[in-house]
Amino acid sequence: QVQLVESGGGLVQAGGSLRLSCAASGSIFSILAMGWYRQAPGKQRELVAAITSGGSTNYADSVKGRFTISRDNAKNTVYLQMNSLQPEDTAVYYCNANHYSTLRMRRMDYWGKGTLVTVSS
């Protein structure tokens, strides 16, 4: 079982920056793929950025060049550095961890409770 706790959300003006953190419990962090998702009011949850256990990254087109995902395996933590924030980035941001379970023969997903990011114009 993996538990995820996000932090770092808040209110920021357009053009500002925030850094989100997601701390994971458990001893399997290094094998987990990690991701940040967001859900704005009235919209579906969408993938913002992801990082594999090996450090490869992927970003939504809307955040490329502005957001950076990184991980520190020694601290069991994944980060999302968000720069040049815009009002359309306003959402609840959720941390996701996942791995393939050979026992259950399926992907296992774990979610944090989310942290609110509000960008004012």
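Since the structure is predicted, the reported quantities are computational estimates derived from the model, not experimental observations.

Student: Please clarify how unusual backbone geometry should be interpreted in this entry.
Tutor: Peptide bonds are mostly trans, and most non-glycine residues show a negative phi. Despite not being glycine, Ser 84 has its phi angle at roughly 50°, a positive value. Of note, Ser 84 is situated in the loop between β8 (77-82) and β9 (91-101). The residue Met 105 is not glycine, and still its phi comes out positive at about 55°. Mapped onto the elements, Met 105 comes out in the loop between β9 and β10 (106-111). Its relative accessible area of 63% is what places Met 105 among the exposed residues.

Student: Teacher, can you tell me more about the nonpolar core here?
Tutor: Generally speaking, soluble globular proteins have nonpolar side chains that are buried together. Counting 32 residues, the largest nonpolar core has Leu 4, Met 34, Trp 36, Leu 80, Met 82 and Tyr 93 as the members making the most contacts within it. Contributing elements (two or more residues each) for this core: β3 (18-24), β4 (33-39), β5 (46-51), β7 (67-72), β8, β9, β10 and β11 (115-120).

Cut-off values and rules
Residues numbered from 1 in each chain as written. Predicted model: local features only at pLDDT ≥ 70, side-chain atom pairs only at ≥ 80, totals over all residues. Heavy atoms only, no water. Helix = DSSP H or I, 4+ residues; strand = E, 2+ residues; numbered from the N terminus. Buried < 20%, exposed > 50% of the residue type's maximum accessible area, 1.4 Å probe, protein only. Core = buried A, V, L, I, M, F, W, Y, C linked by side-chain atoms within 4.5 Å.

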